[in-house]
Every structure is written in structure tokens, then in C-alpha cells.
Amino acid sequence: MAWTSTDGLFSGVYDPALGSFTTAEGSVSKITSSSTEPLTNSEAAFGAGKFTMSGKPGANGGVDFDIQQSFADFSQTVTITDPSAPMKFTMASPQVKAVSTGSGLRSKPLLDLGAFLVANSDDEAKIKSNQAELKDRLLAILPVWNRIDGSYGLTDLNVGTPFGQFTAKDAG
């Protein structure tokens, strides 16, 4: 898979003790992605987009967060290249919105686990000798979160298939 992002901007306030941003916002003028598999190819693009995020201390040292995202001009083409049944599917929407919320995300223990893995990944003997610490770090992230919810919506969705085309005023 390959992807590109154009004109990305980001700003935020990071709280090291929390292991999370308490506020963040960003924008991008375009995102593209492409994926090639043995029998499937996919090309996708989003136009201008923006996001906002807020985080605050939650239960058990976790983070409660809220993320709002919106993008313009979404399009995707999926081509099935199987010689016995080649097909093409398209999707397009002028506006995509997504909302993610969560409570008790164990971001600090997750970051600590990541740092441990990086520090111990270069030598198999080192990994084996640190099994107890690895187990402790894995247990420290559980439960990874108390709750995570997400929703999305596409406006004026247009889908093309080999079997016909359909539209939806609001999908999500």
C-alpha cells in the first residue's frame, strides 16, 4: 500500500504524563492511497480535510478522547483483476465526516510498551532475557480501553457496480 498527503498541517498540546494530546487540530489539502494485491487493485482519494481532537484524564490513568474529522471529495475505485470475473466498483461522495470517542484509553502504557519493543527488538537473546518485563508491560495495557465508539457519514454517496449504480443522500 502506498499513500500520500499534501499540505498537511498539525498543531496540538501534548501532555507527557497523560501520554496524549489534550488538544490537537490539523488539515490536509489531499490524501491519496493505492493498493495492489494479486487479484485486486484499489485507488482512493480525499480532498481537503480537517480534524480536531481533545483528550483528558480518564479512568485508571487512561485518556478520554473525542476526534472529529471531515473530508471533501472522496473517491475510490476497486478493480478485481481475476481473469475469470473481472469487475470494477466505484464510490464517490462530496463530503465525509467521522467521529471517534473513547474512554480509558491506556495511551501511556501503550507508549511504554512501544518504547520497550523498540529498545529490545535488535537482539533475540535480549528479547528472551526480558520476557518477564514484556509480560508486565502487556498486562499494564489491559484493558486497552474502557469503550471506543466511531461513526461516519457520507453525503450524496454514488456507488457504481457491474450490476448497476445507486445513490444515497446520506449513508453512514
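The text that follows walks through the structure, step by step, so that each part is easy to find. (Residues numbered from 1 in each chain as written. Predicted model: local features only at pLDDT ≥ 70, side-chain atom pairs only at ≥ 80, totals over all residues. Heavy atoms only, no water.)

Each aromatic ring pair is summarised here by two numbers: the centre-to-centre distance and the angle between the ring planes. Inspection of the entire model under this criterion finds five aromatic pairs. Ring centres of Phe10 and Phe51 lie 6.0 Å apart, and the angle between their planes is 20°; this geometry places the pair in the stacked category. Of this pair, Phe10 sits in strand E2 (residues 9-15) while Phe51 is found in strand E6 (residues 49-57), placing the two residues 41 residues apart along the sequence. Judged by its relative accessible area of 26%, Phe51 falls in the partly exposed class. Through a chain of ring-to-ring contacts, three or more aromatic side chains come together here, namely Phe10, Tyr14, Phe21 and Phe51. (Phe/Tyr/Trp six-rings, centres within 6.5 Å; stacked < 30°, edge-to-face > 60°. Helix = DSSP H or I, 4+ residues; strand = E, 2+ residues; numbered from the N terminus. Buried < 20%, exposed > 50% of the residue type's maximum accessible area, 1.4 Å probe, protein only.)

Bringing the pattern of salt bridges into the picture now. According to the stated counting rule, one finds five salt bridges in the structure shown. The salt bridge involving Lys108 is made with Asp112; its shortest N-O contact spans 3.4 Å. Of this pair, Lys108 and Asp112 both sit in helix H1 (residues 107-120), separated by four residues, roughly a single helical turn. Under the relative-accessibility criterion, Lys108 is labelled partly exposed at 31%. Between Glu124 and Lys128 there is a salt bridge; the shortest N-O distance is 3.1 Å. Residue Glu124 and its partner Lys128 are both found in helix H2 (residues 124-129); the two are separated by four residues, about one turn of the helix. Of the two residues, Glu124 and Lys128, neither departs from the other in class, the shared state being exposed. (Salt bridge = Lys/Arg side-chain N within 4 Å of Asp/Glu carboxyl O.)

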